[in-house]
Amino acid sequence: MREIKPFKVAIVGTGYVGLGTAIMLAYLGHDVVGLDVDAAKVDMLRRGQLPIYEPGLAELMQQAGERLRWTTDYAEAIPEADAIFICVGTPPQADGRPDLKYVAEAARCIARNLNGKVQVVVNKSTVPVGTGDWVARLIEDNALEYHANRYFVVSNPEFLREGTAVHDSLYPDRIVVGGEHEEGVKRLVELYAPLLEQSFEAPEFAPRPQAYTRPALVTTSLGSAEMIKYAANAFLALKISFANEVANLCEHVDADIEEVVRGIGCDARIGPRFLAAGAGWGGSCFGKDTAALISTGADYGYDMPILQAAVTVNTRQRHVAITKLQRHLRRLKGKRVAVLGMAFKPGTDDLRDAPAYDCIARLVDLGATVVAHDPIAMDRARREWANLEYEEAPTAQAALKGADAVLVMTEWQEYKDLDWSAACRLMRNRLVIDLRGVVTSAPAATVVERVGRPSLGAPQDTTLAEGVA
Ligand SMILES: NC(=O)c1ccc[n+]([C@@H]2O[C@H](COP(=O)([O-])OP(=O)(O)OC[C@H]3O[C@@H](n4cnc5c(N)ncnc54)[C@H](O)[C@@H]3O)[C@@H](O)[C@H]2O)c1
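Residues numbered from 1 in each chain as written. Predicted model: local features only at pLDDT ≥ 70, side-chain atom pairs only at ≥ 80, totals over all residues. Heavy atoms only, no water.

Details of the site of the ligand
Then comes step 1: Neighbouring the ligand are 28 residues, the closest being Asp36, Lys41, Tyr74, Thr90 and Lys288.
Then comes step 2: Backbone polar atom of Tyr16 to an oxygen atom of the ligand: 3.0 Å apart, as the coordinates give it.
Then comes step 3: For the shell around the ligand, the elements supplying multiple residues, two or more each, are α1 (16-28) and α5 (101-112).
Then comes step 4: Here the shell around the ligand gets three residues from one element, more than from any other, and that element is α5.
Then comes step 5: Among the residues forming the shell around the ligand, the class breakdown is 12 nonpolar, seven polar and nine charged. (Near = heavy atom within 4 Å. Polar contact = N/O pair within 3.5 Å; in protein donor to acceptor, adjacent residues only side chain to side chain. Helix = DSSP H or I, 4+ residues; strand = E, 2+ residues; numbered from the N terminus. Nonpolar A, V, L, I, M, F, W, Y, C, P; charged D, E, K, R; others polar.)

Have a look at this one:
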C-alpha cells in the first residue's frame, strides 16, 4: 500500500451510508471518528458489532483497526476534523419533499464545534439542489466564531448499493465532487487519492475486479453534484419501470421479457442492467428520490411526466402478485399464503419501502393468513413491521407447509438453491408466484407464475380455483 496523507475525518450519521464511508476511509488509512445521536448504535459499534447487515463490512471494519472510533459527542469528533461528512437520513415527507431536519441539526451541531482551522463539510446525504448553500448558511449562522473561507461545503453524493456496499465503496464507477471553492474540492480529491489511484491493497475478501482500472473523477458545481444523485436514481428507477411495463405487455401477447431484455440489452446504447421485471423497485432511495425530484420540479412549476409515469408504473407493479394470486385462487379470505423474502433486495436487512410490505398488508386486508420468511431481515421486521399481522417461519420450507400459494418477493440465493420439488410437496396447493425469477423449472404438479414470461407447469391462463395438487 502506498503511503497516504492521513486526514482526520468525522462521519456524522452512522447508518448504511455513514458506516460504509467511515469504515472504507479508515481502511484506506485515514483517521476516522463516526458520530451518531443513537447511543445504542454507537455502543454496538464500540463493541465491534455492526448495527446493520452488510456483507464484508465487519471484516473491513476489523482491518481498519485503531484508525476507527465511535462517539455520540460532537465536541469529540468535529474540532480536529479536516473533513466532516454529513451522512444523516433524508426521509420522504408526505408531499414527496425530503425531510431535511436531520441535515439541519447536524449542520448546526457541526457549526458549534468548528475550530477555525480549514475544514471541509461534505454533504453525502442525498439532498435537493440548493441544500449545500443552505448548509453553508446554517454553519455561518451557528458557528461560534465564523471565519469566512475556512469552511467549505462540498457535495459528494453516495452511489453505494446496499448488499454490495464494500465493493461499491472500494471500486466505484465514479466519484462526484461538487463545490464552489476550489480549495474544498481539492481537499476532498486529496482525501480520495487512494481510491482514485487505486493505490490501496485490496482486501482478500473483496478483491479488485479484473477489468477494473480507476473510478472517474467528476468535479462539478455544488448544484450539479446534488442533481447528479437524483438524476442517476431517477434514471435507474425509470429503467426498471420501463422493463415492467413491457413485461406486462409481454404477458398479453405471449412474449418473454427475459428474451426481450436479452435482445435489447445487447445494444450498447441500452445495456442489459436494471431491466429486471418483477415486483417493482423499492428500498430507501428510489421512491424517496423520484418523489423528491418531482417535488423540486413542482417548486419551479415544472412537470416531470416521464418520472411521474415511472412512479405510477411502479405503484401498479406492487399489485401484480395479488392479481396473479386472485386469478388462481379467486378468494384470498381464509387462504394461507407464504411470502419468501421481506428485504427489498438480497444482501441487506433494509426493509424501507420493500414491495413485500405492501403485499403482506394487502393479503391481510383481503383476509389471507400470511406466513413470511427472510434469511436476514426477520428480526428487523419484527420491530419495524410490528403493525403487520403475519406469522414468522423459521425456514423457507416451514413457510410453504400447508400453504395455498407462495410469493417469492426477494431473490435471496437461499431461495434459488431451495429444493423446490421437496418444498412444493409440503404445500396444500402448489402455486408459486415467482416475482424474482428464482424458480427455473416447475416442480411436479406445480404452477409457477412469473412476471412477463409464460408460466411454468401449466398453460398461462389456466384457472386453478380448485388447486393443482
Ligand atoms: N442507504 C443507501 O443505500 C443510500 C445510498 C446512497 C445514498 N443514500 C443517502 O444517504 C443518506 C443516509 O442514508 P442511510 O440509508 O445511511 O440512512 P440511515 O437512516 O441508515 O442512517 C442515518 C443515521 O443518521 C443518524 N442521525 C440522525 N440525525 C443525526 C444527527 N443530528 N447527528 C448524528 N447522527 C444523526 C441516525 O441515527 C442514523 O443512524 C440519505 O440521504 C440517503 O438518501 C443512501
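Observations regarding the environment of Lys333
Then comes step 1: Tracing the backbone through its elements, the reader meets Lys333 in the loop between α14 (320-329) and β9 (336-340).
Then comes step 2: Counting along the chain gives 33 residues from Lys333 to Leu366, while the straight-line C-alpha distance between them is 5.8 Å.
Then comes step 3: Aside from chain neighbours lying at most four places away, what touches Lys333 is Leu366, Gly367 and Ala368. (Contact = heavy atoms within 4.5 Å.)

With respect to the sheet that holds strand β14 (residues 447-450)
Within a sheet, neighbouring strands are paired by backbone hydrogen bonds and run either parallel or antiparallel to one another.
Then comes step 1: Taken together, the six strands give an open sheet; going across it, the order is β11-β10-β9-β12-β13-β14, and neighbouring strands pair in parallel fashion. Whereas interior strands pair on both sides, the edge strands pair on one side only; in this sheet they are β11 (391-392) and β14.
Then comes step 2: Alignment of strand β10 (residues 369-373) against β11, held across two bridges, turns out to be parallel. Its bridge partner lying in β11, Val371 is registered against Glu391.
Then comes step 3: Against the sheet, α14 makes contact with β9, β12 (405-408), β13 (431-434) and β14, and its axis sits at roughly 160 degrees relative to β13, the strand it touches most.
Then comes step 4: Most of the contacts of helix α15 (residues 355-365) go to β10, to which it runs at about 160 degrees, and overall it touches β9, β10 and β12. (Pairing = 2+ DSSP bridges. Axes fitted to C-alpha atoms, helices over the stretch in contact; angles between N-to-C directions.)

Comments concerning the nonpolar core
Then comes step 1: Counting residues in each nonpolar core, the largest one holds 64 residues, and the members touching the most others are Leu325, Leu363, Trp385, Leu407 and Trp420.
Then comes step 2: Element by element, the count of residues in this core is highest for α14, at five residues.
Then comes step 3: Two domains share this core, each providing at least three of its residues, namely domain 2 (230-316) and domain 3 (318-450).
Then comes step 4: Formed by 43 residues, the second largest nonpolar core is a distinct cluster that contains Phe7, Ile11, Val154 and Phe200. (Core = buried A, V, L, I, M, F, W, Y, C linked by side-chain atoms within 4.5 Å. Buried < 20%, exposed > 50% of the residue type's maximum accessible area, 1.4 Å probe, protein only. Domains from an automatic or database assignment.)

Concerning the UniProt feature "active site" (unreviewed entry) in the protein
Then comes step 1: Mapped onto the present numbering, the UniProt feature "active site" (unreviewed entry) falls at Cys285.
Then comes step 2: Here Cys285 lies in the loop between α11 (257-265) and α12 (286-299).
Then comes step 3: The exposure class of Cys285 is partly exposed, given its relative accessible area of 29%. (UniProt positions renumbered as here; feature names shortened; annotations may be inferred.)

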